[in-house]
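Structure at a glance
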Amino acid sequence: MTQIKLVNVSNYILKKVNLQFKEDEFNIVLGPSGAGKTTLLKVIAGITNYEGHVYFDERCVDKIPPGKRNIGYVPQNLALFSHMTVWDNVAFGLKVRKENKETIRRKVSRVLKLLNIYHLKDHYPLKLSGGEKQRVAIARALAIDPEVLLLDEPFSNLHISLRIELLSKITSISKENGINVVIATHNIDFIETLHGKVAVLNKGRIIYDGSFKELLLRKEILNILPLISLPIDHVEPLANGLCLVKTGKISIVAPWERDVDDAKSVIIPSDKVVISNKPQRVQTNTYLALIKRINIINGWVNMALSIEGMDIKVSIPQNIVRDVNLKEKTKVYVKFPIRYVRIV
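Description of the structure in this document. (Residues numbered from 1 in each chain as written. Predicted model: local features only at pLDDT ≥ 70, side-chain atom pairs only at ≥ 80, totals over all residues. Heavy atoms only, no water.)

**Quick word on the overall build of the chain**
Helix and strand content of the chain: 7 helices and 21 strands. For the chain, whose C-alpha radius of gyration is 22 Å, the value lies close to the compact-globule estimate of 20 Å for 344 residues. Classification of the 344 residues of the chain by burial places 52% in the buried group. Sequence separation of at least 24 residues holds for 66% of the intrachain contacts in the chain that already meet a minimum separation of 6. Within the structure as shown, the chain displays about 16900 Å² of accessible surface, and the carbon and sulfur contribution to it stands at 50%. (Helix = DSSP H or I, 4+ residues; strand = E, 2+ residues; numbered from the N terminus. Rg over C-alpha atoms; globule rule 2.2 N^0.38 Å. Buried < 20%, exposed > 50% of the residue type's maximum accessible area, 1.4 Å probe, protein only. Contact = heavy atoms within 4.5 Å. Areas by Shrake-Rupley, 256 points an atom, 1.4 Å probe, with all protein chains shown as cover.)

Spelled out as structure tokens, the structure:
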């Protein structure tokens, strides 16, 4: 498995980035929108200009063009060719490399079966679901037998069950084939299952490099991520692995896997918060909130809410609340789904 090292990497976004992705870890680049995550992946792939150096193991790849770095890259928009079938999309990189027909047939068949999409081989991307498109893009990246797999926000539009299934598949493929995987994301909800390295980017700089467990204890870093972080006043254990967290005048039901004495904050990823104009059918963790301020920047809706006198800032992708009527000085219903609530 290839080890990746960035030394003093800078460009129009990144600023003196020094970072190492070891071969025995699952690597996450975490940060808010506009932090430089995508640019960092492009530097590793060699598809954007930079100063500094990138090493694969001990080999400097600065002068090696993208097609020769042996990298599988899945951009956030997936970049599937709409006029090509699934088979031809996945075979594209192999054809560019001028592999023979038998090799192409064998490798494309293998990755399609590996990702459970062989039955879709004659379909076109416009006929596929979001999860199927994601699998096709990953299959195309894997077909060339890459040393490194770069994934940009790979699970952002997937249902949680599909996300878990695909993440498990990628983890298995990585271990079996010796592929170093680097994922860029703003989400924290799946990271804790990976037990790997987390690097946090903000405004082009690395502000944290370590374990996910330690990250959750760094309040100053959590504050720059799209998270709601609330101080805990009291925790009351409940049945079935749950607890009731008191924070100000709000009570939040949360999963409970820690010693009560260690609890300091309750966190919820902003993009997992459910906003609606009507009450939720299930009332647990649902609150009536006043919108004090609202603005939209780079596809994100940023709101300052007041819930029971407590001020809370929420940032949600615009597409998630497209059908919700959001106006300042009006009230909406806010829900924190239990499965996304974390106590740290």
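**So, the sheet that holds strand 10 (residues 205–211)**
Each strand in a sheet pairs with another by means of backbone hydrogen bonds, the pair being arranged parallel or else antiparallel. The sheet built from 6 strands is open, its strands ordered 6-7-8-3-9-10 with mixed pairing. Looking at the sheet topology across the chains shown, the edges are occupied by strand 6 (71–74) and strand 10. In this sheet, adjacent strand axes meet at a mean angle of 15° when their direction is disregarded. The pairing of strand 3 (residues 27–30) with strand 8 (residues 180–185) spans 4 bridges and is parallel. Bridge pairing links valine 29 to alanine 184 in strand 8. (Pairing = 2+ DSSP bridges. Axes fitted to C-alpha atoms, helices over the stretch in contact; angles between N-to-C directions.)

**Observations concerning the pairing of strand 19 (residues 310–317)**
By the criterion of burial, strand 19 is predominantly enclosed, with 6 of the 8 residues buried. Linkage of strand 18 (residues 300–307) to strand 19, two consecutive antiparallel strands, is achieved through a turn of 2 residues, within which glutamate 308 is found at a positive phi near 55°.

**Notes on the packing of aromatic side chains**
Tallied over the entire structure, the rule returns 2 aromatic pairs. Relative to phenylalanine 92, the ring of phenylalanine 81 has its centre 4.8 Å away and its plane inclined at 55°; by these criteria the two rings are tilted. With phenylalanine 81 in the loop between strand 6 and helix 2 (86–96) and phenylalanine 92 in helix 2, this pair connects stretches of sequence that are 11 residues apart. Assessed through its relative accessible area of 26%, phenylalanine 81 is described here as partly exposed. (Phe/Tyr/Trp six-rings, centres within 6.5 Å; stacked < 30°, edge-to-face > 60°.)

**Quick look at unusual backbone geometry**
Look at asparagine 116: it is not a glycine, yet its phi comes out positive at around 60°. Tracing the backbone shows asparagine 116 in the loop between helix 3 (101–114) and helix 4 (130–143). Within the chain, lysine 329 stands out as a residue other than glycine whose phi angle is a positive 70°.

**Some thoughts on helix 1 (residues 37–45)**
Counting buried positions over the 9 residues of helix 1 gives 7, a clear majority of the element. Regarding helix 1, the residues found buried are Lys37, Thr39, Leu40, Leu41, Val43, Ile44 and Ala45. Where helix 1 terminates, the next one or two residues include glycine 46, which has phi positive at roughly 80°.

Interpretation in functional terms is not warranted from these geometric data alone.
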